[in-house]
Amino acid sequence: MYTSRISGLGYYVPENIVTNDDLSKKMDTNDEWIQERTGIQQRRHIKKGDGNSTSVMGVKAAKIALERAKLTTDAIDLIIFATLSPDMYFPGGGVQVQEMMNMRTIPALDIRNQCSGFVYAISVADQFIKTGMYKNVLVIGSENHSGGLDMTTRGRGVSVIFGDGAGAAVMTRSERDGFGVLSTHLHSEGAHAKELSLEGPSTAHWVPEIIAENPQENIPYYPYMNGQFVFKNAVVRFSEVINEGLQANNLTAADINMLIPHQANLRISQFVQKQFKLSDDQVFNNIQKYGNTTAASIPIALTEAWEEGKIKEGDLVVLAAFGSGFTWGSAIIKW
Ligand code: UT7
C-alpha cells in the first residue's frame, strides 16, 4: 500500500511590499481598520515590469521545492496547478509551468477551487500516488491578485485583503505505514457561488457586449465578496472539516502539532484556534505579512513553518481551507 508524503516545499513572493498606508493613498481606508478586521499589515504586489506572473511565480516556488526534494524535473509525473488568477483565460498555468521548466510531456492539471485550491490539489495528488499511477507530483498554488483588484474606494472591502505569491510542494510515493497524507476531506456548496465571485470575463458576460452596453461601474471584472456571509460560513466549515479529518483518523485536537489554516483573515484563524483550544505554537499565521494569497496561502505558510523548524518528523500537521464556491477541505498529514 502506497502513501504520499511531502518531500519538498518552496515559496516565492514578489519583492514589492504594499503597506496599509500605501493603500490608504489610493482609497478611503486606513491601517487601523485593516489590522483590526483582518490582521493584515502588508502584502506583496507584482510590480509592472518585474517579470512576475502567476505561472512565473509558480515556477520560482516549484524550483525551490524540487531542489529540497532532491529531484530533477525528469522525476515529476504530473503537475497540478491551483489558481483563480491564471495568466491566460485558457490554457491553464500548469502547461505554462511545464514549458518554462522544460519538462517532459507529462500531464498538467489546473484546479479552480480558489482558497481551497491547494487542499484540493493535495487530495488529487494523493489519490494518484496511492493508486500507484504516479510517483512524484508537483503541486503549485499561485496567485496574481493585484492585477485584477479594484483599487478605488468602491473595491476597498475586497482589495485590501488580497496579495500575490506562490507556494509549491513535491508529493512523493512512500511505503512508510502511518506517515504522509493520512486523509483528505473535500466539500463544496454551489448555492453560495455568487457570494464570493468574479463574473467576468466569462461566456456569461461576453466582452464586446459588456463594453458596448454597460456603464463603467457595472463592468463585472472585479471580484465581489459578501464579507460577513463568507466570514460566518468560514468559521463553521473550517471547524467541521478539521473535525471530520480528525475523527476519520481517531485523533483529537490535542494530537495536532501544527494547524495551517488558509490565511483568509486572522480573525477567522483565531476563532478556529479558540474552538479547538490550540496554543499559539499549534497554529501558524503569516497573513500579517502577505495578506490573503488564496490558493498560495497554505503552501507559503507551510513552507515558512517548515523553514522555521516548527514542523518536525512525526508531527501531526493539519491543513484546512475555505473559500469561494463555496469550497472547503482539510488534509491530515503525519510528517
Ligand atoms: O479567502 C476567502 C474567504 N474570504 C474570507 O474569509 C473573508 C471573510 N470576510 C472578512 O474577512 C470580513 O467580512 C471583511 C474583512 C472582508 C470585512 O470586515 P467586516 O467586519 O465584515 O466589515 P463590513 O464589510 O461589515 O464593513 C464594515 C464597514 C462598512 O462601513 P459602514 O457601512 O459600516 O459605514 C464598510 O463600508 O467598514 C467599511 N469598509 C471599510 N472601511 C475602511 C469596508 N472595507 C473597508 C476598508 N477600509 N478597506
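Enquirer: Sorry, what's going on with the sheet that holds strand β4 (residues 78-82) here?
Expert: Sheet strands pair by backbone hydrogen bonding; their relative direction is either parallel or antiparallel. Taken together, the 5 strands give an open sheet; going across it, the order is β1-β7-β6-β4-β5, and neighbouring strands pair in mixed fashion. The sheet is open, and its two edges are formed by β1 (3-12) and β5 (108-111), each paired on a single side. Sheet twist, expressed as the average angle between the axes of neighbouring strands with direction ignored, equals 20°. Note that β1 and strand β7 (residues 165-174) share 9 bridges and pair antiparallel. When the sheet's bridge partners are listed, threonine 3 is paired in β7 with serine 174. Relative to β4, helix α4 (residues 93-100) is tilted by about 130°, and along the sheet it contacts β4, β5 and β6 (136-143). This element, helix α11 (residues 297-307), spans β1 and β7 of the sheet and lies at about 95° to β1.

Enquirer: Any chance you could explain the nonpolar core here in plain terms?
Expert: Within soluble globular proteins, side chains that are nonpolar generally end up buried alongside one another. Grouped together as the largest cluster of nonpolar side chains are 38 residues, with contacts concentrated most on Ile242, Leu246, Ile256 and Leu259. Those elements that place two or more of their residues in this core are α8 (227-248), α9 (266-275), β12 (316-323) and β13 (327-334). Here this core gets 7 residues from one element, more than from any other, and that element is α8. Excluding its chain neighbours within four sequence positions, the residues that come into contact with isoleucine 256 are Leu246, Leu278, Gln282, Leu316 and Val318. Ala82, Phe118, Ala305 and Val317 belong to the second largest nonpolar core, which has 34 residues in total.

Enquirer: How should I be thinking about the site of the ligand in this particular structure?
Expert: Contacts to the ligand come from 21 residues, most closely from Thr29, Arg37, Gln228, Asn265 and Asn292. One nitrogen or oxygen atom from the side chain of threonine 29 is found 2.7 Å from a nitrogen atom belonging to the ligand. In this structure, histidine 262 approaches the ligand through a side-chain N or O atom, which is 2.9 Å from an oxygen atom. Protein coverage of the free-state accessible area of the ligand, which is 960 Å², stands at 72%. Mapped onto the shell around the ligand, the elements with two or more residues apiece are α2 (31-38), α6 (156-159) and α8.

Quick notes on the rules
- Residues numbered from 1 in each chain as written.
- Predicted model: local features only at pLDDT ≥ 70, side-chain atom pairs only at ≥ 80, totals over all residues.
- Heavy atoms only, no water.
- Pairing = 2+ DSSP bridges.
- Helix = DSSP H or I, 4+ residues; strand = E, 2+ residues; numbered from the N terminus.
- Axes fitted to C-alpha atoms, helices over the stretch in contact; angles between N-to-C directions.
- Contact = heavy atoms within 4.5 Å.
- Core = buried A, V, L, I, M, F, W, Y, C linked by side-chain atoms within 4.5 Å.
- Buried < 20%, exposed > 50% of the residue type's maximum accessible area, 1.4 Å probe, protein only.
- Near = heavy atom within 4 Å.
- Polar contact = N/O pair within 3.5 Å; in protein donor to acceptor, adjacent residues only side chain to side chain.
- Areas by Shrake-Rupley, 256 points an atom, 1.4 Å probe, with all protein chains shown as cover.

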